[in-house]
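Fold and geometry: a report
Residues per chain, in single letters:
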Amino acid sequence: MEAFDSVVVGGGPAGLSFAWRLASRGFSVVVVDDRVPANSGKLCGGYVPLSVFEEFDIPRSLGVQRVSGVVIVSRSDVWDVDLGDTVGFNVERDRLAGFLADRVKGEGGVVVEGCRISGFEVSGSGVVAYGCGRVFRGRVLVGADGAYSRIGAYVRGGFRRDELGLAAQARVRS
């Protein structure tokens, strides 16, 4: 059994960002993702505001296209809004996730690729997650693998995926 402060399931930008913040504050963390490399083959990461690049010291070279405006298309018209200056970048999700995975590892965190979590148990003392013949124990379980994952189903409390989806986001003081 491998013990950590936090077990993060999902190696996309959300899970890796969370893991990096924990690891940079001295918590032991493992990120488990079912893809090799983590997060590969997923859709584009999309737009990331310039303020996020600045706040989290993300190199602008990860941006694949500078965004300085928006085009709005309706059935009857097109509006081209020029915002004047760069407000963010479109990013390629795999490159961003690779950068974040390197940050997690650089802070002492562990990234396990190609491992699908097949089950988990939650108790008052923490969580135990099972996958790829390994057992991950943690005080905290972070489900960053989608609203319709096993963890999402547990959090939804018995609702079917066509009845309820769940996404939660919080900004907390560190």
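This section reports on the structure supplied with the text. (Residues numbered from 1 in each chain as written. Predicted model: local features only at pLDDT ≥ 70, side-chain atom pairs only at ≥ 80, totals over all residues. Heavy atoms only, no water.)

1. Re the state of the cysteines
Under the definition given, this model contains one disulfide. Here C115 pairs with C132 through a disulfide, and the sulfurs are 2.1 Å apart. On the sign convention where negative means left-handed, the S-S torsion of about -85° between C115 and C132 marks this disulfide as left-handed. In this pair, C115 sits in the loop between β8 (110–113) and β9 (117–123) while C132 sits in the loop between β10 (126–131) and β11 (134–143), placing the two residues 17 residues apart along the sequence. Taking the relative accessible area as the measure of exposure, C115 reaches 2% and is therefore buried. (Disulfide = S-S within 2.5 Å. Helix = DSSP H or I, 4+ residues; strand = E, 2+ residues; numbered from the N terminus. Buried < 20%, exposed > 50% of the residue type's maximum accessible area, 1.4 Å probe, protein only.)

2. Some words on the pairing of β10
Where burial is concerned, most of β10 is hidden: five out of the six residues are buried. Linking β9 back to β10 in an antiparallel pair, the connection comprises two residues. With five bridges joining them, β10 and β11 adopt antiparallel strand pairing. Each residue of the ladder has a partner; that of V128, found in β11, is R137. Joining the antiparallel neighbours β10 and β11 is a turn of two residues, in which C132 adopts a positive phi near 45°. (Pairing = 2+ DSSP bridges.)

3. Overview of the pattern of salt bridges
Opposite charge on two side chains allows them to pair when their charged atoms are near. Tallied over the entire structure, the rule returns four salt bridges. With a shortest N-O distance of 3.8 Å, R139 and D5 are connected by a salt bridge. In this pair, R139 sits in strand β11 while D5 sits in strand β1 (residues 2–9), placing the two residues 134 residues apart along the sequence. Residues D34 and R116 are paired through a salt bridge, measuring 3.0 Å at the closest nitrogen-oxygen approach. Here D34 is found in the loop between β2 (29–33) and β3 (46–49), whereas its partner R116 is found in the loop between β8 and β9, with 82 residues between them in sequence. Using a relative accessible area of 36% as the deciding quantity, one classes D34 as partly exposed. (Salt bridge = Lys/Arg side-chain N within 4 Å of Asp/Glu carboxyl O.)

4. Some remarks on the nonpolar core
Core analysis: the biggest nonpolar cluster contains 22 residues, and L16, V31 and V104 have the highest contact counts within it. Of all the elements in the fold, those that place two or more residues in this core are α1 (13–24), β2, α2 (50–55), β7 (88–91) and α3 (93–106). The contact partners of V31, leaving out residues within four places of it in the chain, are V8, G10, G11, L16, A19, V104, V110, V111 and V112. Membership of the second largest hydrophobic core comes to 13 residues, among which are V112, I117, F136 and I151. (Core = buried A, V, L, I, M, F, W, Y, C linked by side-chain atoms within 4.5 Å. Contact = heavy atoms within 4.5 Å.)

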